[in-house]
Amino acid sequence: MKALIALILLVQLPIHKAVPAAPPTPLGCDDPESEAAAEVAVNYINGHSHHGYKFALNRIEDVRVVSQGPSNDIMFLELDLLETKCPILSPTPLENCTVRRFTEHAVEGDCDVKLQKLDGTISVLASKCHSHADSSEDIRRICPDCPLLACLNDTEVLETVSAALNDFNSRTTGPYLRLLEIGRGQIQYHPAHIVAVEFAVGATNCSAEEAKVNVGACQLLPEDQSNFGFCTGTMVKDLSQNLNVDCQLYGHQVPSPDTPLLSRVFQPTSQDTSAGLAPSALGFTNHNLRLSHHNPLASESSSSEILRSMLSAKHVTKRAVAEAAQHDKVPRPVGFVPPTPPCPGKIRHFDI
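Residues numbered from 1 in each chain as written. Predicted model: local features only at pLDDT ≥ 70, side-chain atom pairs only at ≥ 80, totals over all residues. Heavy atoms only, no water.

The name an unreviewed UniProt entry gives the protein is FETUA protein, with Grallaria varia as the organism. Taken verbatim from the UniProt record of the protein, the Subcellular location (unreviewed entry) comment is "Secreted". (UniProt positions renumbered as here; feature names shortened; annotations may be inferred.)

What the protein contains, in helices and strands, is seven helices and ten strands. When contacts within the protein are restricted to residue pairs at least 6 apart in sequence, long-range pairs at least 24 apart make up 72% of them. In the structure as shown, the protein presents an accessible area of about 19200 Å², 57% of it carried by carbon and sulfur atoms. (Helix = DSSP H or I, 4+ residues; strand = E, 2+ residues; numbered from the N terminus. Contact = heavy atoms within 4.5 Å. Areas by Shrake-Rupley, 256 points an atom, 1.4 Å probe, with all protein chains shown as cover.)

This part takes up empty space enclosed by the protein. This model, assessed by the stated rule, comprises one cavity of 30 Å³ or more. Each pocket or cavity is described by its volume, and for the largest cavity that value is around 70 Å³. Forming the walls of the largest cavity are 13 residues, and the residues nearest its centre are Gly52, Pro87, Glu181, Ala200 and Phe230. Looking at the lining of the largest cavity, the elements with two or more residues in it are β6 (175–188), β7 (194–207) and β8 (228–236). Counting contributing residues, the lining of the largest cavity receives three or more from each of domain 1 (24–145) and domain 2 (147–255). (1 Å grid on protein atoms, 1.4 Å probe; cavity = no way out; pocket = protein on both sides within 12 Å on 5 of 7 lines; lining within 4 Å. Points joined across faces, edges and corners; volume = space filled by probe spheres on them. Domains from an automatic or database assignment.)

This paragraph deals with helix α4 (residues 155–171). Helix length check: α4 (17 residues) gives 25 Å between terminal C-alpha atoms against 24 Å at 1.5 Å per residue, within 8%. Taken as a whole, α4 has its buried residues at Glu156, Val157, Thr160, Val161, Ala164, Leu165, Phe168 and Asn169. Where α4 is buried, its residues touch β6, β7, α5 (208–213), β8 and β9 (243–251). Between the side-chain oxygen at the start of α4 and the backbone nitrogen of Glu156 there is a gap of 2.8 Å, and the oxygen is on Asp154. (Expected span 1.5 Å × (residues − 1). Buried < 20%, exposed > 50% of the residue type's maximum accessible area, 1.4 Å probe, protein only. Polar contact = N/O pair within 3.5 Å; in protein donor to acceptor, adjacent residues only side chain to side chain.)

This part takes up the sheet that holds β7. Strand order in the open sheet made by the five strands is β5-β6-β7-β8-β9, with antiparallel pairing throughout. Edge positions in the sheet fall to β5 (148–149) and β9, since each of these pairs with one other strand and no more. On the sheet, α4 packs against β6, β7, β8 and β9 and is oriented at approximately 145° with respect to β6. (Pairing = 2+ DSSP bridges. Axes fitted to C-alpha atoms, helices over the stretch in contact; angles between N-to-C directions.)

Rendered as structure tokens:
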């Protein structure tokens, strides 16, 4: 009898079915966690770039998270960046750097970054970037007379850089400055023919007066005394050949162990015929990021194959989103507010 009663009670007990765990909510591009990861990524990219200018975040295009276990996630970010006015050597914090306006012939960077979030700490495992200037046609539509980017080895650009640096060295009482690289060259033809240049310089172990005697003996200062700077020059190409130049030295900076100084990258000499430009920069209008970097200190091995697949899929994703928006003709109820897509995120500056 007791066994029968126990069996009846057992049958009457409620059956608790295992409820499958809900899938995690996809991380949105404008979520605080995504923005925190993007900030780490942009700082990493700027910290490992050795040419041109610092880049600022314009938009988070996509974010994907793959769990590796408790408190251990791998994050993949697709980022759109914009060139700022701060040279890569400038000590100015990125948040104080001004993004170039669209009409200044903006340069956009596309980056794919793999990160790890381990116990709340985000670190970069690998990154792959490239950059390109906006098309001349886009600039002309908005501003027909705005100066356009010229090739870094354009004859007028090289002549203006040489004239500007010689002019400054002839007037300075400080160290003789040597060209490291040309950052930008822009040429305007209307209403006046104007060439504007920007270039990085390094102080040498000679004074400007000593350089007049033997410029070939003037070498960049050693790393423990290095002093880099940045110059801008403008030449009006008329009978007056009016030239304006301004140079600013940043003072000695101690680099981080994994961030080489420009002096290790460039070894300009008095025999340079390319104005100190790295060969890869010749013929281009801007210094392409061309950054592909694997963090040797990362605790999780890098995956260049995944980065390459992300890069190729990025343009497909953009096209699919645009096509879906174009064909979405389904009638909506009055007052209907469609859910905000998690990605792409907001544009912080302007779209190219």
